[in-house]
Every structure is written in C-alpha cells, then in structure tokens.
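Spelled out from the first residue to the last, the chains are:
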Amino acid sequence: MEYMRRKLESSIEEWAQSERRQPLLIQGARRVGKTVLAERMGSELFENGFVKLDFQTDLARASALFDWPTDDVDGLVQRIAEYKGQPIEPGKTLIILDEVQLCEQALNSLRFFAGTSWCILATGSLLGVTTKRRSLPFPSDVRQLELHPLDFEEYLWALGEHVMAADIRTHVRTGLPYVNHDRALDLYRRYLVLGGMPRVLDTYRAEGTFAAATEVQQEINATYTADMTDPENGISGISAKRIWDSLPKQLLRASTKKFKYSEVVSVSGSPSNGSRRPALSPSMISPATTPPLLHRSTTRRAVTSRCMWPIRESCFTSSASPRNSSLMRRCGRAWLPTFAAHWPKAT
C-alpha cells in the first residue's frame, strides 16, 4: 500500500528531535495506519532506521524477551537486538513495539525508558479497554498520541489534491469565492461515503469504484464487531453488535442527537411483560462495545468536529440518486464515514 501523509507526522518529528525524550505510545482504532506511520517515521527520522517487535505475528517469542526484570532497559534492548539480528544504537535506531497491548510486560516496560538515550515507540489498539486479566498498572511517564482515520484534508493529500487542500485553507481564511467549489464538494461527498480508513482509500485509488471499497469497509466492520466480545466482563459479541448496528440508525434521526441504550433491543427478545429490555446497561459499556472511533462522544456535533471545516446541508445535496440525496439531507451536520458500509451501495 502506498504511504499516505498524516498530520501526526509533525508531532512525531518533534518528539524525535526532543532532547528530553519520553517513550512514545501511538494509540488508535484498528486499521487506522499506526504501524505504517511508525515505520515511515523510523525510516525518515533515524539514521539507522528501526527495529520492530510485532506482538501480533510472533507473540510467544517476542513476549519471552520481557520475562526478565523490565527495569533493566539496557539488557532488554540487547535481547531485542540479538533476537532481531540487528544492531541498536542509542539515538540512532528507533525501537518499535507493535500491538503492545498484547503483552502486558512490554506495555509496562515503557515507563523505564523515560530519561534514557533509547528511542522507543509503541503502537496499540483497544488500550482503554479494562479487562479482569490486567495485573499491572498503565505505564506512567509516557507521551501518548492518538491516530484517527484520515480527515478530509488528509484524504485530499492521498488523492494527490495537495493544491486544492491548500486552496481550501486559503479561502476559508479569506472568505473569498473558490472557483473549484463544485469539484471540492464532489470530492467531499465521495469522502463521506468512503470514510478515512487507509486501506479503503487505497483500494478506491487502485480500483476507482465504490464497490471494491465497500468490500474492504465490510471486512473492517466485521473485524470491529469481533473485537467487541468480552465474555469475562459479561459482554457478548451479539449484544455488542446490536449496539454497533444501532448507532447509524439512531444518529440519523431528527428527533434527538443522543444515543439511547434503552432503544437497543435485548438479544433474548422482549420480556414476558411485553416491555423492551436493553441489551446492555450504560454501566456495562466500555470502549470495547462502542465504536473505536467515537467512544468519547456519539453526538453529531462531536463527530462533525473531526472535519476540516463546518459541514453545511448543501454539501449533502447529491444528484447521484434520490435515495442517497434524501439520506444525506437527513444527516444534517453529521459526518458518518465510519458507517458508510451501512449506507446504500454506490454503483
């Protein structure tokens, strides 16, 4: 997959050049491009590149490197270098711990790298999900950054529209008319359907059709649903999926801007008294059972804040089909690329 420029690059570059460097932890939902970004920054910013431990593909052997006391960072780095067969030099080689949430000892070891000359960057998904199995506290003295799906400006960069992205910023600042306004709106409507997942956009760039992109969206959606299951905390995958599927329907309605757990019907059906029972109570909800991209807030206003500029209703008037036009007008100011897989398929 061809690399896509991200705004978080400037923050990582600032961290890499800092004299008092803390360990860096990049969090974010799955499939938003954390690993690709880390590898890119390692190749560009460090003289000797990077050495990566991937806990997702080699969990048993990689985790064994942390069986010794994790506060001995020099010994830990030596074991990593021997295991990977690559030299690691302080300040010149970036150590990447990919999917660090899979190894609790590796996650805990990050805090011991603070104040040392070693450069270490970890990536992790679902780090905010509490489980009964966690025995070590979340590490302190670690700088944390969060990577989101591509916003509209990054989407334009990915499509090679760097000039348009700069022009839009200029016209937002000056308030003057933009001659390419209609074309920008067309690209924006496409972005609303495609969303900001890198793999989806890469497929769209290569194939040029919504159909191919939709297949990738559905695969990502299935991955997210599988991640929501947490039997140890009493959360079933079926219940979590009902909440996930209920989100786009509730956010599209005009009556309220809030997500209501009471409107998610129980998996077991209606109780004997005929009243509906929620699948999960609010106290049982964790980031594992809410959309990874929107777990902080499910209001339309919060979702809209991810945009490069405010969305106006005129952005949703499309001539593609009456059905799509009606749906987009009902969205109002909402920005819902995450739920594009639930929308009518483009042809």
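In the block above lies the structure referred to throughout.
Residues numbered from 1 in each chain as written. Predicted model: local features only at pLDDT ≥ 70, side-chain atom pairs only at ≥ 80, totals over all residues. Heavy atoms only, no water.

**Student:** Quick one: what's the story with the sheet that holds strand β4 (residues 119–124), residue by residue and with numbers?
**Tutor:** Across the sheet, five strands lie side by side as β2-β3-β4-β1-β5; this open sheet has parallel pairing. Edge strands, defined here as strands with exactly one partner in the open sheet, are β2 (50–54) and β5 (143–146). Neighbouring strand axes in the sheet, compared pairwise and without regard to direction, differ in orientation by 20° on average. Inspection of the sheet shows strand β1 (residues 24–27) paired to β5 by four bridges, in the parallel sense. Its bridge partner being in β5, Ile26 is matched across the sheet by Leu145. On the sheet, helix α1 (residues 9–17) packs against β1, β3 (94–98), β4 and β5 and is oriented at approximately 165° with respect to β5. (Pairing = 2+ DSSP bridges. Helix = DSSP H or I, 4+ residues; strand = E, 2+ residues; numbered from the N terminus. Axes fitted to C-alpha atoms, helices over the stretch in contact; angles between N-to-C directions. Contact = heavy atoms within 4.5 Å.)

**Student:** So what's going on with the side chain of Glu154? Which residues, and what values?
**Tutor:** Checked against the element boundaries, Glu154 lands in helix α6 (residues 152–158). Judged by its relative accessible area of 5%, Glu154 falls in the buried class. When residues no more than four places from it in sequence are discounted, the contact partners of Glu154 are Arg5, Arg6, Lys7 and Pro149. (Buried < 20%, exposed > 50% of the residue type's maximum accessible area, 1.4 Å probe, protein only.)

**Student:** A description of the packing of aromatic side chains should follow, citing residues and the corresponding values.
**Tutor:** Per the stated rule, a full pass over the model turns up ten aromatic pairs. Between Phe259 and Tyr261, the aromatic rings sit 5.2 Å apart at their centres with planes inclined by 80°, giving edge-to-face as the arrangement. Members of the aromatic cluster, joined through ring pairs, are Phe152, Tyr155, Tyr188 and Tyr191. Over the ring of Trp157 we find Arg5, and its NZ or CZ is 3.7 Å from the ring centre. Here the basic side chain of Arg21 rests over the ring of Trp15, its NZ or CZ set 5.8 Å away from the ring centre. (Phe/Tyr/Trp six-rings, centres within 6.5 Å; stacked < 30°, edge-to-face > 60°. Lys NZ or Arg CZ within 6 Å of the ring centre and 35° of its normal.)

**Student:** Lay out the pattern of salt bridges in plain terms, naming residues and giving numbers.
**Tutor:** Within the structure shown, the criterion is met by twelve salt bridges. A salt bridge links Glu153 to Arg169, with the nearest nitrogen and oxygen atoms 2.8 Å apart. In this pair, Glu153 is assigned in helix α6 and Arg169 in helix α7 (residues 162–174), connecting sequence segments 16 residues apart. Taken together, the salt bridges that share partners define one network made up of Lys7, Asp151, Glu153 and Arg169. (Salt bridge = Lys/Arg side-chain N within 4 Å of Asp/Glu carboxyl O.)

**Student:** How would you sum up helix α8 (residues 181–194)? Please name residues and give values.
**Tutor:** The end-to-end C-alpha distance of α8 is 20 Å, a good match for the 20 Å that 14 residues give at a rise of 1.5 Å each. When we look at burial in α8, the residues that qualify are Ala184, Leu185, Leu187, Tyr188, Arg189, Tyr191, Leu192, Val193 and Leu194. (Expected span 1.5 Å × (residues − 1).)

**Student:** Let's hear about helix α4 (residues 73–84): which residues, and what values?
**Tutor:** The end-to-end C-alpha distance of α4, which contains twelve residues, comes to 16 Å, matching closely the 16 Å that a straight helix rising 1.5 Å per residue would cover. Inspection of α4 places Val73, Gly75, Leu76, Val77, Arg79, Ile80 and Ala81 among the buried residues, and these make up the whole buried set. Where α4 is buried, its residues meet β2, β3 and α5 (104–109). One or two residues past the end of α4 sits Gly85, with phi positive at roughly 70°.

**Student:** Break down the packing of α1 against helix α2 (residues 34–45) for me, citing the residues and quoting the values.
**Tutor:** Between α1 and α2, the shortest axis-to-axis distance is 11 Å and the interhelical angle comes to 45°. The angle between the axes of α1 and α2 places the two elements in the oblique class. Considering how the two elements wind past one another, α1 and α2 form a crossing that is right-handed. On α2, the residues touching Glu9, Ile12, Glu13 and Ala16 of α1 are Leu37, Met41 and Leu45. Here the contact of α1 with α2 is composed, by residue class, of five nonpolar, no polar and two charged. (Parallel < 35°, antiparallel > 145°, perpendicular 65-115°, else oblique. Left-handed = near helix turned anticlockwise from the far one by under 90°. Nonpolar A, V, L, I, M, F, W, Y, C, P; charged D, E, K, R; others polar.)

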